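# Coordinate inspection notes
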Amino acid sequence: MSISVLMSVYKSENPAYLDRALKSVWDDQTLKPNEIVLIEDGPLGSGLSAIVEEWKNRLGDVLVILRNEVNLGLTKSLNKGIRHIRSEYVARMDSDDVSDPLRFERQTAYLKEHPEVDVVGGSLQEFNDEHPNLNVRHYPLTPEESRRYIVKASPLAHPTVMMRRKIFDSGIMYNEKYRTSQDIALWFDLLGRGYKIANVPEVTIYFRRDDAVFKRRNRSKAVNEFKIYMKGIWSLYGFTWKYAYPVARLCFRLLPTSMVKWIYGSDIRKKVVEK
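Quick look at the structure, then. Being a predicted model, the structure only gives us computed values, none of them experimental. (Residues numbered from 1 in each chain as written. Predicted model: local features only at pLDDT ≥ 70, side-chain atom pairs only at ≥ 80, totals over all residues. Heavy atoms only, no water.)

This part is about the overall build of the chain. Helix and strand counts for the chain come out as twelve helices and nine strands. Across the 275 residues of the chain, 54% fall into the buried class. Within the structure as shown, the chain displays about 12,700 Å² of accessible surface, and the carbon and sulfur contribution to it stands at 54%. (Helix = DSSP H or I, 4+ residues; strand = E, 2+ residues; numbered from the N terminus. Buried < 20%, exposed > 50% of the residue type's maximum accessible area, 1.4 Å probe, protein only. Areas by Shrake-Rupley, 256 points an atom, 1.4 Å probe, with all protein chains shown as cover.)

On to the packing of aromatic side chains. In the structure shown here, the tally under the stated rule is two aromatic pairs. When the centroid spacing of 5.8 Å and the interplanar angle of 90° are considered together, the rings of Phe188 and Tyr229 count as edge-to-face. Note that Phe188 is positioned in helix α7 (residues 182-192) and Tyr229 in helix α9 (residues 219-237), a separation of 41 residues in sequence. Consider the rings of Trp241 and Tyr245, whose centres lie 5.8 Å apart with planes at 55°: the pair is tilted. According to the relative accessible area criterion, Tyr245 is partly exposed, its value standing at 31%. The positively charged end of Arg137 is found above the aromatic ring belonging to Phe207, 5.9 Å away from the centroid. (Phe/Tyr/Trp six-rings, centres within 6.5 Å; stacked < 30°, edge-to-face > 60°. Lys NZ or Arg CZ within 6 Å of the ring centre and 35° of its normal.)

Within the fold, Asp100 resides in the loop between β5 (98-99) and α4 (103-113). Asp100 gets classed as buried once you look at its relative accessible area, which sits at 10%. Here the side chain of Asp100 touches Leu102 through a polar contact of 2.9 Å, landing on its backbone nitrogen. (Polar contact = N/O pair within 3.5 Å; in protein donor to acceptor, adjacent residues only side chain to side chain.)

Here we take up the side chain of Glu225. Checked against the element boundaries, Glu225 lands in helix α9. Exposure remark for Glu225: the relative accessible area of 8% places this residue in the buried category. With near-sequence residues (within four places) excluded, Glu225 lies in contact with Ser181, Arg249 and Arg253. (Contact = heavy atoms within 4.5 Å.)

Let's shift gears to helix α10 (residues 244-253). Every buried residue of α10 is listed here: Pro246, Arg249, Leu250, Phe252 and Arg253. Projection of α10 onto a plane perpendicular to its axis shows the buried side chains occupying an angular sector of 160°, all on one side. (Arc of directions from axis to C-beta.)

Contact geometry of α9 with α10 gives a least axis separation of 10 Å together with a crossing angle of 175°. Considering their axes alone, α9 and α10 lie roughly antiparallel with respect to each other. Note on element contacts: α10 touches α9 through Pro246, Val247, Arg249, Leu250 and Arg253, opposite Ala222, Val223, Glu225, Phe226, Tyr229, Met230 and Ile233. Broken down by class, the residue content of the contact of α9 with α10 amounts to nine nonpolar, no polar and three charged. (Axes fitted to C-alpha atoms, helices over the stretch in contact; angles between N-to-C directions. Parallel < 35°, antiparallel > 145°, perpendicular 65-115°, else oblique. Nonpolar A, V, L, I, M, F, W, Y, C, P; charged D, E, K, R; others polar.)

A few words now on the environment of Ala50. Mapped onto the elements of the fold, Ala50 is located in helix α2 (residues 46-59). Considering only alpha carbons, one finds Ala50 and Pro15, 35 residues apart in sequence, at a separation of 8.4 Å.

As a further point, take the pairing of strand β4 (residues 89-92). Alternating positions in β4 separate into two faces, Tyr89 and Ala91 on one and Val90 and Arg92 on the other, with burial throughout. As paired strands, strand β1 (residues 3-9) and β4 are joined by four bridges and run parallel to one another. Pairing of Leu6 across the sheet is with Arg92, part of β4. Bridging between β4 and strand β8 (residues 162-164) involves three bridges; their strand directions are antiparallel. Considered in β8, the bridge of Val90 is made with Met163. (Pairing = 2+ DSSP bridges.)

Right, here's the structure in full:
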């Protein structure tokens, strides 16, 4: 059993957040990964470069650094990283989040106990610099629940997942047609080909929810996400009333940012999506 962590970092990100993210997947873990594949998506500023250099000096060959000469976006960067991964399991991680210390231990144990499952995620604890304990977001636990759930929302939180590398060895990759919401497209692709996804109930990631999260939810991303859901639902179910969910989701995404932020901070989203 071996684990590779797959991360990408961009010049606008906070060096302190990257340092904390790397600490959480190495220093804090009860089960340490065999390698961390970090893609520098375009030139980084001096602050981020210093953090990367510091960790490279600490970890040596464990930290594999891949550099894009220009910004290619997350989708292409992840695919580039996947082609260099040598481990059996691939754990996604964002450069501003924090992995729970037991994350890798729990997820590898789950995959060993459930050989039929190909991707496992987990619950997500939101936080920011002022509030360490915001909402906890839960996801469907079983493959059957996950398949039903995907018409309403993502059955997995992208930065929580651990995937079997055999998925990518079979030729499946992130769809580079989509610069955003590439994870949703991947989940639909996997379900359509018979792969199974599930979640552990415990919190696996502490997700940084600041104002930048909501600013990134622009109109073009909302439309892109809508197209992915419509295509994905068609591939799984054909003509169905279930298209009502992505239509409602699009309407929600197009609301003013302040309203979207308020809804995310309330119990409304949980009652609608997680029921």
